[in-house]
Amino acid sequence: MTAAAPARTSRPVKPRRSMAIPIGLAVFVVITWLALSEQFGIGFDLVALIEDIARGRGILAELLSPNWSFVPRTAEPMIETVQIAILGAVIGCSIALPVSFLASRVTARNRGVLGVTRTVLSVVRAIPDILWALLFVAAVGIGVLPGILALVFFNIGVVVKLLSETIDGVDSGPIEAARASGANGFQSVRWAVLPQVLPNYVAYSLYAFELNIRASTVLGVVGAGGIGNMLFTQYRFFNWSNVSVIVIELFVLVILIELVSIQLRRRLV
Amino acid sequence: MIRFENASVVYPGGVHALKNLTLEIPDGQMMVIVGLSGAGKSTMIRAINGLVRLTEGEVTIDGQSVSKASGRQLREIRSRIGMIFQTFNLVNRTTVLNNVLMGRFHNTSTLRSLMGWYRPEDVEIAMQALERVDIVEKAYTRASNLSGGQQQRVGIARALAQEPKILLADEPVASLDPPTSHVVMRDLQHINRELGITTIVNLHFLDLAKRYGERIIGLRAGELVYDGTADQADENVFRDIYGRSLTADDILEAAIA
(Lines give C-alpha, C1' and ligand atoms only; values in the text may rest on other atoms or scores of the structure.)
Protein backbone atom coordinates (compact mmCIF):
# COMPACT_ATOMS: atom_id res chain seq x y z
CA MET A 1 0.00 0.00 0.00
CA THR A 2 1.39 3.35 -1.02
CA ALA A 3 -1.59 5.38 0.14
CA ALA A 4 -1.01 7.04 3.49
CA ALA A 5 -3.36 6.12 6.31
CA PRO A 6 -6.09 8.74 6.65
CA ALA A 7 -5.44 11.38 9.31
CA ARG A 8 -6.70 10.31 12.70
CA THR A 9 -9.91 12.13 13.55
CA SER A 10 -11.46 12.33 17.00
CA ARG A 11 -13.35 9.19 18.12
CA PRO A 12 -17.01 9.44 19.10
CA VAL A 13 -17.69 9.31 22.84
CA LYS A 14 -19.14 5.98 23.92
CA PRO A 15 -22.66 6.64 25.18
CA ARG A 16 -23.17 5.80 28.86
CA ARG A 17 -25.06 2.64 29.55
CA SER A 18 -28.63 3.20 30.56
CA MET A 19 -29.40 2.35 34.20
CA ALA A 20 -32.94 1.26 33.32
CA ILE A 21 -32.23 -2.49 33.24
CA PRO A 22 -30.27 -2.74 36.58
CA ILE A 23 -32.84 -0.53 38.33
CA GLY A 24 -35.71 -2.59 36.90
CA LEU A 25 -34.07 -5.81 38.06
CA ALA A 26 -33.55 -4.41 41.57
CA VAL A 27 -37.22 -3.34 41.80
CA PHE A 28 -38.27 -6.81 40.64
CA VAL A 29 -36.14 -8.49 43.31
CA VAL A 30 -37.48 -6.21 46.06
CA ILE A 31 -41.12 -6.82 45.09
CA THR A 32 -40.59 -10.59 45.01
CA TRP A 33 -38.92 -10.47 48.43
CA LEU A 34 -41.82 -8.41 49.85
CA ALA A 35 -44.38 -10.80 48.41
CA LEU A 36 -42.71 -13.71 50.20
CA SER A 37 -42.21 -11.83 53.49
CA GLU A 38 -44.35 -12.40 56.61
CA GLN A 39 -45.71 -8.87 57.02
CA PHE A 40 -46.50 -7.80 53.46
CA GLY A 41 -46.72 -11.20 51.79
CA ILE A 42 -49.70 -12.88 50.13
CA GLY A 43 -49.35 -16.01 52.26
CA PHE A 44 -47.77 -18.04 49.50
CA ASP A 45 -46.58 -21.32 50.98
CA LEU A 46 -45.37 -24.43 49.18
CA VAL A 47 -45.96 -26.53 52.31
CA ALA A 48 -49.74 -26.55 51.67
CA LEU A 49 -49.18 -28.05 48.25
CA ILE A 50 -47.28 -30.97 49.75
CA GLU A 51 -49.40 -31.50 52.87
CA ASP A 52 -52.77 -31.34 51.11
CA ILE A 53 -51.88 -33.01 47.85
CA ALA A 54 -53.70 -36.20 48.81
CA ARG A 55 -56.95 -34.35 49.50
CA GLY A 56 -57.55 -33.79 45.79
CA ARG A 57 -57.20 -37.46 44.99
CA GLY A 58 -60.93 -38.20 45.07
CA ILE A 59 -61.77 -35.20 42.90
CA LEU A 60 -59.02 -36.08 40.49
CA ALA A 61 -60.30 -39.64 40.19
CA GLU A 62 -63.80 -38.40 39.36
CA LEU A 63 -62.44 -35.88 36.86
CA LEU A 64 -60.55 -38.68 35.16
CA SER A 65 -63.70 -40.77 34.77
CA PRO A 66 -66.04 -38.50 32.82
CA ASN A 67 -69.73 -39.32 32.98
CA TRP A 68 -70.44 -39.80 29.26
CA SER A 69 -74.17 -40.25 29.84
CA PHE A 70 -74.21 -36.56 30.76
CA VAL A 71 -73.24 -35.56 27.18
CA PRO A 72 -76.81 -35.28 25.76
CA ARG A 73 -77.80 -32.82 28.48
CA THR A 74 -74.87 -30.56 27.56
CA ALA A 75 -75.87 -30.38 23.89
CA GLU A 76 -78.32 -27.50 24.18
CA PRO A 77 -76.22 -25.11 26.32
CA MET A 78 -73.15 -26.05 24.25
CA ILE A 79 -74.92 -25.02 21.03
CA GLU A 80 -76.06 -21.86 22.78
CA THR A 81 -72.44 -21.11 23.73
CA VAL A 82 -71.29 -21.52 20.14
CA GLN A 83 -74.11 -19.27 18.94
CA ILE A 84 -73.27 -16.58 21.49
CA ALA A 85 -69.59 -16.82 20.53
CA ILE A 86 -70.32 -16.57 16.80
CA LEU A 87 -72.73 -13.66 17.13
CA GLY A 88 -70.39 -11.83 19.49
CA ALA A 89 -67.43 -12.35 17.16
CA VAL A 90 -69.31 -11.42 13.96
CA ILE A 91 -70.78 -8.23 15.38
CA GLY A 92 -67.68 -7.27 17.37
CA CYS A 93 -65.23 -7.88 14.52
CA SER A 94 -67.47 -6.07 11.99
CA ILE A 95 -67.41 -2.98 14.19
CA ALA A 96 -63.69 -3.44 14.92
CA LEU A 97 -62.66 -3.25 11.24
CA PRO A 98 -63.65 0.38 10.53
CA VAL A 99 -62.71 1.46 14.06
CA SER A 100 -59.19 0.04 13.57
CA PHE A 101 -58.56 2.52 10.76
CA LEU A 102 -59.48 5.35 13.13
CA ALA A 103 -57.07 3.97 15.73
CA SER A 104 -53.98 3.75 13.49
CA ARG A 105 -51.53 6.56 12.95
CA VAL A 106 -51.28 5.58 9.29
CA THR A 107 -54.94 5.93 8.36
CA ALA A 108 -56.34 8.42 10.91
CA ARG A 109 -54.83 11.67 9.73
CA ASN A 110 -56.76 13.74 12.23
CA ARG A 111 -54.80 13.64 15.51
CA GLY A 112 -57.96 14.41 17.50
CA VAL A 113 -59.86 11.44 16.08
CA LEU A 114 -56.87 9.21 16.73
CA GLY A 115 -56.54 10.33 20.34
CA VAL A 116 -60.24 9.95 21.15
CA THR A 117 -60.46 6.49 19.52
CA ARG A 118 -57.39 5.24 21.32
CA THR A 119 -58.53 6.55 24.69
CA VAL A 120 -62.01 5.02 24.37
CA LEU A 121 -60.46 1.71 23.34
CA SER A 122 -58.06 1.68 26.27
CA VAL A 123 -61.10 1.92 28.53
CA VAL A 124 -62.93 -0.83 26.59
CA ARG A 125 -59.89 -3.08 26.90
CA ALA A 126 -59.34 -2.32 30.56
CA ILE A 127 -62.75 -3.83 31.41
CA PRO A 128 -62.43 -7.65 31.54
CA ASP A 129 -65.00 -9.91 29.87
CA ILE A 130 -66.64 -10.92 33.17
CA LEU A 131 -67.18 -7.28 34.10
CA TRP A 132 -68.79 -6.55 30.72
CA ALA A 133 -71.08 -9.54 31.33
CA LEU A 134 -72.00 -8.29 34.80
CA LEU A 135 -72.72 -4.81 33.44
CA PHE A 136 -75.00 -6.12 30.72
CA VAL A 137 -76.77 -8.62 32.98
CA ALA A 138 -77.53 -5.69 35.25
CA ALA A 139 -78.69 -3.61 32.30
CA VAL A 140 -80.75 -6.08 30.24
CA GLY A 141 -81.32 -9.03 32.59
CA ILE A 142 -80.29 -12.67 32.52
CA GLY A 143 -80.07 -14.51 29.17
CA VAL A 144 -78.02 -14.76 25.99
CA LEU A 145 -78.31 -11.05 25.09
CA PRO A 146 -75.98 -9.78 27.85
CA GLY A 147 -73.55 -12.55 26.89
CA ILE A 148 -73.50 -11.46 23.25
CA LEU A 149 -73.16 -7.78 24.16
CA ALA A 150 -70.30 -8.53 26.54
CA LEU A 151 -68.45 -10.48 23.86
CA VAL A 152 -69.04 -7.73 21.27
CA PHE A 153 -67.20 -5.20 23.45
CA PHE A 154 -64.56 -7.70 24.49
CA ASN A 155 -63.87 -8.52 20.80
CA ILE A 156 -63.81 -4.87 19.72
CA GLY A 157 -61.13 -4.26 22.36
CA VAL A 158 -58.97 -7.20 21.28
CA VAL A 159 -59.31 -6.92 17.50
CA VAL A 160 -58.91 -3.13 17.26
CA LYS A 161 -55.75 -3.34 19.35
CA LEU A 162 -54.17 -6.04 17.18
CA LEU A 163 -55.41 -4.73 13.83
CA SER A 164 -54.58 -1.05 14.37
CA GLU A 165 -51.03 -2.03 15.29
CA THR A 166 -50.83 -4.13 12.12
CA ILE A 167 -52.07 -1.13 10.11
CA ASP A 168 -49.33 0.99 11.73
CA GLY A 169 -46.80 -1.34 10.10
CA VAL A 170 -48.11 -1.57 6.51
CA ASP A 171 -46.00 -0.64 3.50
CA SER A 172 -46.65 3.06 2.94
CA GLY A 173 -45.68 2.89 -0.76
CA PRO A 174 -49.13 1.94 -2.08
CA ILE A 175 -50.70 4.66 0.09
CA GLU A 176 -48.41 7.25 -1.48
CA ALA A 177 -49.31 5.89 -4.93
CA ALA A 178 -53.01 6.17 -4.15
CA ARG A 179 -52.61 9.75 -2.92
CA ALA A 180 -50.57 10.64 -5.99
CA SER A 181 -53.38 9.40 -8.25
CA GLY A 182 -55.90 11.69 -6.53
CA ALA A 183 -57.56 9.09 -4.31
CA ASN A 184 -59.64 10.23 -1.37
CA GLY A 185 -59.13 8.74 2.09
CA PHE A 186 -61.75 6.01 1.73
CA GLN A 187 -60.38 4.84 -1.61
CA SER A 188 -56.85 4.76 -0.27
CA VAL A 189 -57.85 2.77 2.83
CA ARG A 190 -59.97 0.32 0.81
CA TRP A 191 -57.45 -0.49 -1.92
CA ALA A 192 -54.00 0.46 -0.60
CA VAL A 193 -54.32 -0.56 3.08
CA LEU A 194 -57.08 -3.15 3.46
CA PRO A 195 -55.58 -5.75 1.06
CA GLN A 196 -52.36 -5.58 3.07
CA VAL A 197 -54.03 -6.36 6.41
CA LEU A 198 -56.95 -8.58 5.34
CA PRO A 199 -55.27 -11.92 6.18
CA ASN A 200 -54.34 -10.55 9.63
CA TYR A 201 -57.91 -9.36 10.15
CA VAL A 202 -59.29 -12.81 9.41
CA ALA A 203 -56.75 -14.40 11.76
CA TYR A 204 -57.58 -11.95 14.56
CA SER A 205 -61.31 -12.53 14.09
CA LEU A 206 -60.88 -16.29 14.39
CA TYR A 207 -58.77 -15.73 17.48
CA ALA A 208 -61.57 -13.56 18.91
CA PHE A 209 -64.05 -16.38 18.25
CA GLU A 210 -61.76 -18.81 20.07
CA LEU A 211 -61.49 -16.41 23.03
CA ASN A 212 -65.31 -16.22 23.08
CA ILE A 213 -65.66 -19.99 23.49
CA ARG A 214 -63.30 -19.81 26.46
CA ALA A 215 -65.09 -16.78 27.85
CA SER A 216 -68.37 -18.75 27.81
CA THR A 217 -67.35 -20.38 31.10
CA VAL A 218 -67.29 -17.07 32.95
CA LEU A 219 -70.33 -15.71 31.09
CA GLY A 220 -72.42 -18.56 32.48
CA VAL A 221 -71.32 -17.90 36.02
CA VAL A 222 -72.92 -14.44 35.99
CA GLY A 223 -76.05 -15.60 34.16
CA ALA A 224 -75.18 -14.46 30.66
CA GLY A 225 -76.14 -17.74 28.98
CA GLY A 226 -74.33 -20.72 27.54
CA ILE A 227 -72.48 -23.73 28.94
CA GLY A 228 -70.85 -21.75 31.75
CA ASN A 229 -74.07 -21.76 33.74
CA MET A 230 -74.25 -25.56 33.64
CA LEU A 231 -70.54 -25.87 34.42
CA PHE A 232 -70.98 -23.68 37.46
CA THR A 233 -74.04 -25.65 38.69
CA GLN A 234 -72.29 -29.01 38.36
CA TYR A 235 -69.25 -27.62 40.15
CA ARG A 236 -71.43 -26.33 43.02
CA PHE A 237 -72.90 -29.85 43.46
CA PHE A 238 -69.43 -31.44 43.28
CA ASN A 239 -70.42 -33.53 40.23
CA TRP A 240 -66.81 -33.75 39.13
CA SER A 241 -67.41 -36.38 36.46
CA ASN A 242 -70.01 -34.08 34.86
CA VAL A 243 -67.65 -31.09 35.11
CA SER A 244 -65.07 -33.28 33.39
CA VAL A 245 -67.40 -33.85 30.41
CA ILE A 246 -67.96 -30.12 29.93
CA VAL A 247 -64.26 -29.32 30.20
CA ILE A 248 -63.42 -32.01 27.63
CA GLU A 249 -66.10 -30.69 25.27
CA LEU A 250 -64.74 -27.13 25.52
CA PHE A 251 -61.26 -28.44 24.96
CA VAL A 252 -62.32 -30.28 21.79
CA LEU A 253 -64.22 -27.23 20.56
CA VAL A 254 -61.22 -24.92 20.95
CA ILE A 255 -58.97 -27.43 19.17
CA LEU A 256 -61.47 -27.71 16.30
CA ILE A 257 -61.63 -23.92 15.90
CA GLU A 258 -57.84 -23.79 15.90
CA LEU A 259 -57.69 -26.41 13.11
CA VAL A 260 -60.28 -24.58 11.01
CA SER A 261 -58.52 -21.25 11.45
CA ILE A 262 -55.17 -22.73 10.41
CA GLN A 263 -56.79 -23.99 7.21
CA LEU A 264 -58.51 -20.67 6.52
CA ARG A 265 -55.36 -18.66 7.09
CA ARG A 266 -53.35 -20.90 4.80
CA ARG A 267 -55.86 -20.27 2.01
CA LEU A 268 -55.95 -16.52 2.55
CA VAL A 269 -52.34 -15.47 2.88
CA MET B 1 -46.97 23.94 -18.88
CA ILE B 2 -45.46 23.40 -15.44
CA ARG B 3 -43.88 26.43 -13.80
CA PHE B 4 -41.69 26.60 -10.71
CA GLU B 5 -41.38 30.11 -9.33
CA ASN B 6 -38.80 30.74 -6.61
CA ALA B 7 -39.77 27.37 -5.21
CA SER B 8 -38.11 26.34 -1.94
CA VAL B 9 -38.62 23.38 0.35
CA VAL B 10 -37.25 23.21 3.88
CA TYR B 11 -38.02 19.97 5.69
CA PRO B 12 -38.93 20.05 9.40
CA GLY B 13 -35.43 18.80 10.30
CA GLY B 14 -33.99 21.94 8.69
CA VAL B 15 -32.80 20.29 5.46
CA HIS B 16 -33.01 22.73 2.57
CA ALA B 17 -34.09 20.29 -0.17
CA LEU B 18 -34.99 22.81 -2.85
CA LYS B 19 -33.55 26.31 -3.11
CA ASN B 20 -35.26 29.10 -4.98
CA LEU B 21 -35.96 27.09 -8.13
CA THR B 22 -37.42 28.85 -11.15
CA LEU B 23 -38.10 26.71 -14.19
CA GLU B 24 -40.63 26.07 -16.95
CA ILE B 25 -41.46 22.69 -18.44
CA PRO B 26 -43.43 23.00 -21.70
CA ASP B 27 -46.16 20.51 -22.61
CA GLY B 28 -45.03 17.27 -24.18
CA GLN B 29 -41.40 17.50 -23.09
CA MET B 30 -39.34 14.53 -21.88
CA MET B 31 -37.21 16.00 -19.12
CA VAL B 32 -34.67 14.13 -17.03
CA ILE B 33 -33.52 15.38 -13.63
CA VAL B 34 -30.04 14.24 -12.60
CA GLY B 35 -28.16 14.71 -9.38
CA LEU B 36 -26.72 12.80 -6.45
CA SER B 37 -29.01 11.30 -3.86
CA GLY B 38 -30.14 14.06 -1.55
CA ALA B 39 -29.82 16.68 -4.28
CA GLY B 40 -33.55 17.37 -4.24
CA LYS B 41 -34.70 15.32 -7.27
CA SER B 42 -37.50 13.48 -5.42
CA THR B 43 -38.55 16.66 -3.65
CA MET B 44 -38.80 18.53 -6.94
CA ILE B 45 -40.88 15.79 -8.56
CA ARG B 46 -43.19 15.54 -5.54
CA ALA B 47 -43.70 19.28 -5.49
CA ILE B 48 -45.39 18.99 -8.89
CA ASN B 49 -48.27 16.87 -7.53
CA GLY B 50 -48.25 18.36 -4.06
CA LEU B 51 -47.01 15.25 -2.21
CA VAL B 52 -44.36 17.64 -0.89
CA ARG B 53 -45.56 21.14 -0.02
CA LEU B 54 -43.40 24.15 -0.83
CA THR B 55 -42.31 26.31 2.05
CA GLU B 56 -41.81 29.25 -0.30
CA GLY B 57 -42.62 30.12 -3.89
CA GLU B 58 -45.15 28.46 -6.14
CA VAL B 59 -45.67 25.61 -8.58
CA THR B 60 -48.35 26.07 -11.21
CA ILE B 61 -49.72 23.75 -13.87
CA ASP B 62 -51.34 25.57 -16.79
CA GLY B 63 -51.64 28.58 -14.52
CA GLN B 64 -53.34 26.68 -11.68
CA SER B 65 -51.44 26.72 -8.41
CA VAL B 66 -50.56 23.34 -6.91
CA SER B 67 -49.03 24.89 -3.81
CA LYS B 68 -52.25 26.66 -2.87
CA ALA B 69 -54.63 23.80 -3.69
CA SER B 70 -55.99 21.46 -1.05
CA GLY B 71 -58.73 18.89 -0.55
CA ARG B 72 -60.89 18.16 -3.58
CA GLN B 73 -59.04 20.66 -5.75
CA LEU B 74 -55.67 19.05 -5.03
CA ARG B 75 -57.07 15.56 -5.72
CA GLU B 76 -58.41 16.86 -9.02
CA ILE B 77 -54.96 18.20 -9.96
CA ARG B 78 -53.30 14.94 -8.92
CA SER B 79 -55.75 12.91 -11.03
CA ARG B 80 -54.23 14.56 -14.12
CA ILE B 81 -50.69 13.61 -13.05
CA GLY B 82 -49.55 9.99 -13.16
CA MET B 83 -46.66 8.89 -10.99
CA ILE B 84 -44.36 5.89 -10.96
CA PHE B 85 -41.96 4.98 -8.18
CA GLN B 86 -38.55 3.40 -7.60
CA THR B 87 -40.08 0.63 -5.49
CA PHE B 88 -43.17 0.30 -7.75
CA ASN B 89 -45.53 0.82 -4.79
CA LEU B 90 -48.00 -1.84 -5.91
CA VAL B 91 -50.37 -3.58 -3.53
CA ASN B 92 -48.84 -7.04 -3.59
CA ARG B 93 -51.75 -8.98 -2.18
CA THR B 94 -54.20 -8.06 -4.90
CA THR B 95 -54.44 -8.51 -8.66
CA VAL B 96 -52.62 -6.50 -11.28
CA LEU B 97 -55.99 -5.22 -12.56
CA ASN B 98 -57.02 -3.97 -9.11
CA ASN B 99 -53.73 -2.11 -8.92
CA VAL B 100 -54.23 -0.48 -12.30
CA LEU B 101 -57.84 0.40 -11.46
CA MET B 102 -56.43 2.64 -8.70
CA GLY B 103 -55.70 4.97 -11.61
CA ARG B 104 -59.48 5.30 -12.16
CA PHE B 105 -60.28 6.52 -8.62
CA HIS B 106 -60.87 10.10 -9.75
CA ASN B 107 -63.63 8.87 -12.07
CA THR B 108 -65.20 6.49 -9.53
CA SER B 109 -67.52 7.46 -6.68
CA THR B 110 -66.49 6.58 -3.13
CA LEU B 111 -69.29 4.01 -2.82
CA ARG B 112 -68.34 2.31 -6.09
CA SER B 113 -64.67 2.19 -5.07
CA LEU B 114 -65.46 0.78 -1.63
CA MET B 115 -67.48 -2.04 -3.16
CA GLY B 116 -65.12 -2.53 -6.11
CA TRP B 117 -67.91 -1.85 -8.60
CA TYR B 118 -65.80 -0.27 -11.30
CA ARG B 119 -67.67 0.71 -14.45
CA PRO B 120 -66.95 -1.48 -17.50
CA GLU B 121 -65.51 1.51 -19.36
CA ASP B 122 -63.04 2.11 -16.52
CA VAL B 123 -62.02 -1.56 -16.57
CA GLU B 124 -61.51 -1.23 -20.34
CA ILE B 125 -59.28 1.83 -19.87
CA ALA B 126 -57.23 -0.17 -17.32
CA MET B 127 -56.94 -3.07 -19.76
CA GLN B 128 -55.80 -0.75 -22.54
CA ALA B 129 -53.16 0.71 -20.21
CA LEU B 130 -51.91 -2.83 -19.53
CA GLU B 131 -51.89 -3.51 -23.26
CA ARG B 132 -49.70 -0.47 -23.88
CA VAL B 133 -46.99 -1.84 -21.56
CA ASP B 134 -47.49 -5.30 -23.02
CA ILE B 135 -48.60 -7.10 -19.88
CA VAL B 136 -52.39 -7.42 -20.29
CA GLU B 137 -52.27 -11.23 -20.01
CA LYS B 138 -51.25 -10.80 -16.35
CA ALA B 139 -54.38 -8.79 -15.46
CA TYR B 140 -55.72 -11.36 -13.01
CA THR B 141 -52.34 -12.40 -11.58
CA ARG B 142 -51.42 -11.31 -8.07
CA ALA B 143 -48.96 -8.41 -8.24
CA SER B 144 -46.53 -10.22 -5.92
CA ASN B 145 -46.11 -12.99 -8.49
CA LEU B 146 -44.52 -10.65 -11.07
CA SER B 147 -40.84 -9.89 -11.64
CA GLY B 148 -39.46 -6.44 -10.85
CA GLY B 149 -39.62 -5.29 -14.47
CA GLN B 150 -43.18 -6.53 -14.84
CA GLN B 151 -44.16 -4.79 -11.60
CA GLN B 152 -42.76 -1.49 -12.85
CA ARG B 153 -44.74 -1.87 -16.08
CA VAL B 154 -47.88 -2.39 -13.96
CA GLY B 155 -46.87 0.81 -12.15
CA ILE B 156 -46.71 2.59 -15.51
CA ALA B 157 -50.10 1.13 -16.50
CA ARG B 158 -51.61 2.39 -13.24
CA ALA B 159 -50.34 5.90 -14.05
CA LEU B 160 -51.56 5.65 -17.66
CA ALA B 161 -55.02 4.53 -16.53
CA GLN B 162 -55.44 8.02 -15.09
CA GLU B 163 -55.22 9.30 -18.70
CA PRO B 164 -52.79 11.91 -17.37
CA LYS B 165 -51.37 15.03 -18.98
CA ILE B 166 -48.16 14.70 -16.99
CA LEU B 167 -46.17 11.64 -15.95
CA LEU B 168 -43.72 11.77 -13.05
CA ALA B 169 -41.18 8.99 -12.61
CA ASP B 170 -39.07 8.92 -9.44
CA GLU B 171 -35.98 6.78 -10.10
CA PRO B 172 -38.08 4.30 -12.12
CA VAL B 173 -35.20 1.96 -12.96
CA ALA B 174 -33.06 2.14 -9.82
CA SER B 175 -34.35 -1.28 -8.64
CA LEU B 176 -34.04 -2.97 -12.05
CA ASP B 177 -31.28 -4.73 -14.00
CA PRO B 178 -29.80 -3.01 -17.11
CA PRO B 179 -31.84 -4.75 -19.88
CA THR B 180 -35.09 -4.28 -17.94
CA SER B 181 -34.14 -0.67 -17.30
CA HIS B 182 -34.02 -0.06 -21.04
CA VAL B 183 -37.42 -1.72 -21.55
CA VAL B 184 -38.97 0.56 -18.94
CA MET B 185 -37.22 3.69 -20.27
CA ARG B 186 -38.36 2.87 -23.81
CA ASP B 187 -41.93 2.46 -22.54
CA LEU B 188 -41.71 5.92 -21.01
CA GLN B 189 -40.24 7.32 -24.23
CA HIS B 190 -43.06 5.83 -26.33
CA ILE B 191 -45.68 7.17 -23.94
CA ASN B 192 -44.11 10.62 -24.18
CA ARG B 193 -43.87 10.59 -27.98
CA GLU B 194 -47.09 8.82 -28.92
CA LEU B 195 -49.45 10.21 -26.29
CA GLY B 196 -47.75 13.58 -25.95
CA ILE B 197 -47.65 13.27 -22.17
CA THR B 198 -45.17 15.59 -20.47
CA THR B 199 -42.74 13.18 -18.81
CA ILE B 200 -40.38 14.05 -15.98
CA VAL B 201 -37.92 11.38 -14.88
CA ASN B 202 -35.40 11.29 -12.03
CA LEU B 203 -32.32 9.31 -12.95
CA HIS B 204 -28.83 8.99 -11.62
CA PHE B 205 -27.33 7.07 -14.55
CA LEU B 206 -25.70 9.46 -17.02
CA ASP B 207 -26.02 7.20 -20.05
CA LEU B 208 -29.75 6.67 -19.52
CA ALA B 209 -30.24 10.41 -18.99
CA LYS B 210 -28.42 11.27 -22.23
CA ARG B 211 -30.10 8.54 -24.22
CA TYR B 212 -33.72 9.13 -23.23
CA GLY B 213 -33.83 12.73 -22.07
CA GLU B 214 -34.83 15.46 -24.48
CA ARG B 215 -33.86 18.02 -21.89
CA ILE B 216 -31.64 17.45 -18.87
CA ILE B 217 -31.56 19.52 -15.72
CA GLY B 218 -29.02 19.04 -12.96
CA LEU B 219 -29.63 19.61 -9.26
CA ARG B 220 -26.94 19.94 -6.62
CA ALA B 221 -27.84 20.52 -2.98
CA GLY B 222 -31.30 21.72 -4.00
CA GLU B 223 -30.05 24.20 -6.59
CA LEU B 224 -30.42 24.18 -10.35
CA VAL B 225 -26.88 23.86 -11.70
CA TYR B 226 -27.58 22.77 -15.28
CA ASP B 227 -30.36 23.14 -17.80
CA GLY B 228 -29.84 22.11 -21.40
CA THR B 229 -30.33 19.53 -24.10
CA ALA B 230 -29.06 15.98 -23.81
CA ASP B 231 -26.51 16.63 -26.61
CA GLN B 232 -24.90 19.49 -24.74
CA ALA B 233 -24.54 17.47 -21.57
CA ASP B 234 -21.05 16.00 -21.75
CA GLU B 235 -18.85 14.52 -19.06
CA ASN B 236 -17.72 17.92 -17.82
CA VAL B 237 -21.32 18.94 -17.29
CA PHE B 238 -22.06 15.83 -15.24
CA ARG B 239 -18.85 16.29 -13.28
CA ASP B 240 -20.10 19.75 -12.43
CA ILE B 241 -23.57 18.50 -11.44
CA TYR B 242 -22.14 15.78 -9.24
CA GLY B 243 -19.43 18.01 -7.85
CA ARG B 244 -16.87 15.21 -8.22
CA SER B 245 -15.20 13.08 -10.90
CA LEU B 246 -17.34 10.36 -12.46
CA THR B 247 -17.12 6.70 -11.48
CA ALA B 248 -18.38 3.45 -12.96
CA ASP B 249 -21.35 3.61 -10.58
CA ASP B 250 -22.67 6.63 -12.43
CA ILE B 251 -23.09 4.65 -15.62
CA LEU B 252 -25.55 1.83 -16.20
CA GLU B 253 -23.49 0.11 -18.89
CA ALA B 254 -19.72 -0.19 -19.07
CA ALA B 255 -19.41 2.43 -21.81
CA ILE B 256 -21.52 5.53 -22.20
CA ALA B 257 -24.04 4.77 -24.90
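Residues numbered from 1 in each chain as written. Chains lettered and ligands numbered in written order. Predicted model: local features only at pLDDT ≥ 70, side-chain atom pairs only at ≥ 80, totals over all residues.

Draft legend 1. Inspection of the overall build of chain B at higher detail. Along chain B, the regular secondary structure elements total nine helices and 10 strands. For a compact globule of 257 residues, the expected C-alpha radius of gyration is about 18 Å, and chain B comes in at 18 Å, within 12% of that figure. Dimensions of chain B along its principal axes, counting C-alpha atoms only, are 55 × 45 × 35 Å. Across the 257 residues that make up chain B, the buried fraction comes to 46%. In chain B, 67% of the contacts between residues at least 6 apart in sequence involve partners at least 24 apart. (Helix = DSSP H or I, 4+ residues; strand = E, 2+ residues; numbered from the N terminus. Rg over C-alpha atoms; globule rule 2.2 N^0.38 Å. Buried ≥ 20, exposed ≤ 12 C-beta atoms within 10 Å, placed from the backbone. Contact = placed C-beta atoms within 7 Å.)

Draft legend 2. Molecular detail of the sheet that holds strand β5 (residues 64–65) of chain B. All names here are of chain B. What the four strands build is an open sheet, ordered β2-β1-β4-β5; its pairing is antiparallel. Since the sheet does not close on itself, it has two edges, and those belong to β2 (16–25) and β5, each with one partner. Direction of pairing for strand β4 (residues 56–61) relative to β5: antiparallel, over a ladder of two bridges. By the bridge assignment, Ile-61 is partnered in β5 with Gln-64. Running at roughly 55 degrees to β2, helix α1 (residues 41–48) makes contact with β1 (2–10), β2 and β4 of the sheet. (Pairing = 2+ DSSP bridges. Axes fitted to C-alpha atoms, helices over the stretch in contact; angles between N-to-C directions.)

Draft legend 3. Quick peek at unusual backbone geometry. The backbone of A:Phe238 sits at a positive phi, close to 55 degrees, despite the residue not being glycine. Relative to the helices and strands, A:Phe238 is located in the loop between α10 (227–236) and α11 (240–268). Residues other than glycine seldom take positive phi values, yet B:Asp62 does so here, at roughly 50 degrees. With respect to the helices and strands, the residue B:Asp62 is situated in the loop between β4 and β5.

Draft legend 4. Up close: the domain arrangement of chain B. Residues and elements named next belong to chain B. As assigned here, chain B comprises domain 1 (1–80 + 165–245) and domain 2 (92–163). Taking only C-alpha atoms, the centre of domain 1 and the centre of domain 2 are 25 Å apart. Taken together, the 11 residues of domain 1 in the interface contact 10 residues of domain 2. Among the secondary structure elements, those contributing two or more residues to the side of domain 1 that touches domain 2 are α2 (71–79) and α7 (178–195). Among the elements that take part in the side of domain 1 that touches domain 2, α7 stands out by supplying five residues, more than any other. (Domains from an automatic or database assignment.)

Draft legend 5. Geometry of the interface of chain A and chain B. Counting residues at the interface gives 18 residues for chain A, matched by 23 residues for chain B. When contributions to the side of chain A that touches chain B are tallied by element, the ones reaching two or more residues are α8 (173–180) and α9 (185–221) of chain A.

Draft legend 6. The environment of B:Ala7, seen in detail. Residues and elements named next belong to chain B. One can find Ala-7 in strand β1. What makes Ala-7 buried here is the crowd of 22 C-beta atoms within 10 Å. C-alpha separation for the pair Ala-7 and Asn-49, spaced 42 residues apart in sequence, amounts to 14 Å. Not counting the four nearest positions on each side in its chain, Ala-7 is found in contact with Leu-18, Leu-21, Ala-47, Leu-54, Gly-57, Glu-58 and Val-59.

Draft legend 7. Spotlight on the confidence of the model for chain A. When the pLDDT values of chain A are averaged, the result is 88; 98% of them are 70 or greater. Here helix α2 (residues 46–51) of chain A stands out as the element of chain A with the lowest mean pLDDT, 77, in contrast to α8(A), whose mean of 94 is the highest. (pLDDT = per-residue confidence, 0-100.)

Draft legend 8. The arrangement of the environment of B:Asp231 in detail. As for its placement among the helices and strands, B:Asp231 is situated in the loop between β10 (223–229) and α9 (235–242). Overall, B:Asp231 belongs to the exposed group, with 8 C-beta atoms counted inside 10 Å.

Draft legend 9. Highlighting the domain arrangement of chain A. The domain boundaries assigned to chain A delineate domain 1 (20–51) and domain 2 (69–268). One C-alpha centre belongs to domain 1 of chain A, the other to domain 2 of chain A; they are set 35 Å apart.

Draft legend 10. Main features of the pairing of strand β9 (residues 215–220) of chain B. Residues and elements named next belong to chain B. Strand direction decides the pairing type here: strand β3 (residues 30–34) and β9, joined by four bridges, are parallel. Its bridge partner being in β9, Val-32 is matched across the sheet by Ile-216. One ladder, built from six bridges, connects β9 with β10; its direction is antiparallel. Across the sheet, the residue bridging to Ile-216 is Gly-228, located in β10. Here β9 folds back onto β10 in antiparallel fashion, the turn holding two residues, of which Ala-221 has a positive phi close to 50 degrees.

Draft legend 11. Region of the structure containing the nonpolar core. Residues A:Ala133, A:Ala150, A:Val159, B:Val100, B:Ala157 and B:Leu168 are the most contacted members of the largest nonpolar core, which totals 134 residues. At 15 residues, α9(A) tops the list of elements feeding residues into this core. When sequence neighbours within four positions are dropped, the list of residues in contact with B:Ala157 reads B:Val100, B:Ala129, B:Leu130, B:Val133 and B:Ile135. (Core = buried A, V, L, I, M, F, W, Y, C linked by C-beta atoms within 7 Å.)

Draft legend 12. Quick look at the environment of B:Asn107. Tracing the backbone shows B:Asn107 in the loop between α3 (96–101) and α4 (110–115). For the pair B:Asn107 and B:Ser79, spaced 28 residues apart in sequence, the C-alpha separation works out to 8.9 Å.

Draft legend 13. Molecular detail of the sheet that holds β10(B). Residue and element names in this part refer to chain B. The six strands lie next to each other as β6-β7-β8-β3-β9-β10, forming an open sheet whose pairing is mixed. Only two strands of the sheet have a single neighbouring strand rather than two, namely β6 (81–84) and β10. In this sheet, adjacent strand axes meet at a mean angle of 15 degrees when their direction is disregarded.

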